[in-house]
Amino acid sequence: MRRSRNRLSAPGLLGLAVLLGAAGCSTTDTFEQPRPVPDIEASVELEPVWSMSVGDGHDDEYLYLSPLNTGDVLYAASADGTVYAVGADQGKVVWKKTLKDRIFSGVGGDAERLYLTTQEADLVALSREDGAEAWRVELPTEVLSAPQSNGRMVVAQTTDGRVLAFDAATGDKLWRYDGVVPVLSMRAAAAPLVGGDVVIASFSNGKLIALSADSGQPLWQYAVGEPQGRTELERLVDISGQPIVVDTAIMAVGYQGKLALVDVRTGQEIWNRKASSLYSPTIGGGNIYLASANGNVVALRGSDRRELWTQDRLAWRQLTQPVISGDYLVAGDYEGYLHVFSREDGSLQGQLDFDDDGIRVPAQRLENGNLLIYGNGGRMSVLQIQPSE
């Protein structure tokens, strides 16, 4: 049963994300108001397998503290400096580490270490075995996205467009690339995609740039969005979701831009379709699922990008990336509700009031099909979809 809410309604997506991310700009523009949570006839329920509290969660900061899922162990951090290693099956705490720092990014990692960034703009490496600090280095400015590693190097991308690579074992600086960012952008950032030979970085000017993993030299660039319009708001074209790998190509989407498939070796466009989203698309069963910036969830046929269905009952509720679980999709929203959609027709099949502070981090699918959820207030749960009684 849903409990009643008496809080003031949050502003629309741009009202929240843009104003917090503005640098030297202000606006008096009005934005769409979110629709209320719809009443539905639920056919499924989200049942907890286990649940725990991860410190203070985002602690009222506008962060994206995504946990790291390594299969058998989950690693999660809170803004107040607490880091947990937790068994995925039963939620048993393997170890807990309390840092002296406030944490600003989600957890990245490789086979040996975990990586995160602090409010004071340090990149910190921790042992996966026990959380002991391995090394730390200073960064030029804050990093919101989780650092990414290929085992040999770890890459962090700052909010002002710099991409920095460090030796994963020692923290020694390997190279730096300086990107160009606009004056006004979303307070969100896509994590770099780090492969063996290439690093794909996404920028708030709408550009994807491929960098040599060895030297940081640019190999190609592709425009997911081109700024248009007279005002800074109209010209926003941020790429806030990490590109996803599709065989020898990558798929990316931008705000007020397009959804595109690009050859990872050459940067040549394979296809594109107009779209606007702050989260990565999801691919499953030959279809593409996208949470649009206006709150609509859209299903596209992968072979020709033909629209299969659109669910518009959650307009402007700041939906996270939809994640597949069996025959369903699950997405969170700014008020902390989880919504369950039918993959067949997009109909709403279930909902759960999960975290009063909202949900900004997308769900993650575990190996057994269950879903890992981390709310802004620090509640972390593994849930499974069950038929309603």
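Residue indices begin from 1 for each chain and proceed along its sequence in written order. Local features in this predicted model are restricted to residues whose pLDDT is 70 or higher, and side-chain atom pairs enter the listing and the counts only when it is 80 or higher, whereas totals over whole chains, interfaces and linings include all residues. Excluding hydrogens and water, the side-chain figures rest on all heavy atoms present in the structure.

The criterion, for reference: UniProt positions are given in the numbering used here, feature names are shortened, and annotations may be inferred rather than shown by experiment.
Where an unreviewed UniProt entry is consulted, the protein chain appears under the name Outer membrane protein assembly factor BamB, with the organism given as Marinobacter salinisoli. According to its UniProt record, the protein chain has this under Subcellular location (unreviewed entry): "Cell outer membrane". According to UniProt, the comment filed for the protein chain under the heading Sequence similarities (unreviewed entry) is "Belongs to the BamB family."

1. A look at the sheet that holds strand β25 (residues 307-311)
Formally: DSSP-based pairing: two strands are paired if at least 2 bridges between them are found. In DSSP terms, a helix is any run of H or I states spanning at least four residues, a strand is any run of E spanning at least two, and both are numbered starting from the N terminus. Axis definition: a line fitted to C-alpha atoms, over the contacting stretch in the case of helices. Angles run 0 to 180 degrees between N-to-C directions.
Here 4 strands make up an open sheet; going across it, the order is β22-β23-β24-β25 and the pairing antiparallel. The open sheet terminates on both sides in strands that have one partner only, identified here as β22 (282-284) and β25. The sheet shows a mean angle of 20° between the axes of neighbouring strands, direction not considered. In the sheet, strand β24 (residues 297-301) pairs with β25 via 4 bridges, with the strands oriented antiparallel. Residue pairing across strands places L300 opposite E307, the latter belonging to β25.

2. With respect to the environment of N205
Stated precisely, the cut-off is as follows: Two residues form a contact once any of their heavy atoms are found within 4.5 Å. Counted as a polar contact is a pair of N or O atoms within 3.5 Å, where, for protein atoms, one must be capable of donating a hydrogen and the other of accepting one, and residues adjacent in sequence contribute only when both atoms are in side chains.
Its location among the elements puts N205 in the loop between β15 (198-202) and β16 (207-212). On a C-alpha basis, the gap between N205 and D312 in space is 28 Å, while along the polypeptide they are 107 residues apart. Discounting chain neighbours no more than four positions away, the residues touching N205 are V180, P182, G225, P227 and V237. A polar atom in the side chain of N205 sits 3.1 Å from the backbone nitrogen of K207.

3. Focus on the environment of A223
The condition that has to hold: Buried means the residue's accessible area, taken with a 1.4 Å probe over protein chains only, is under 20% of the maximum for its type, while exposed means over 50%, and partly exposed covers the values in between.
Mapped onto the elements of the fold, A223 is located in strand β17 (residues 218-223). For A223, a relative accessible area of 19% translates into the label buried. C-alpha separation for the pair A223 and S66, spaced 157 residues apart in sequence, amounts to 27 Å. Sequence-distant contacts of A223, defined by excluding residues within four places in its chain, comprise G206, K207 and K258.

4. Examining the nonpolar core
As a reminder of what qualifies: Here, the term nonpolar core denotes a set of buried Ala, Val, Leu, Ile, Met, Phe, Trp, Tyr and Cys residues that are joined through side-chain atoms within 4.5 Å.
Counting 32 residues, the largest nonpolar core has Y75, V83, L116 and M380 as its most contacted members. Elements that contribute at least two residues to this core include exactly β1 (44-53), β3 (73-77), β4 (82-87), β7 (113-117), β8 (122-127), β31 (371-374) and β32 (379-387). A total of 5 residues in this core trace back to one element, the largest contributor, which is β3. Excluding residues that lie within four positions of it along the chain, Y75 makes contacts with P67, L68, T70, Y84, A85, W95, V107, L114 and R128.

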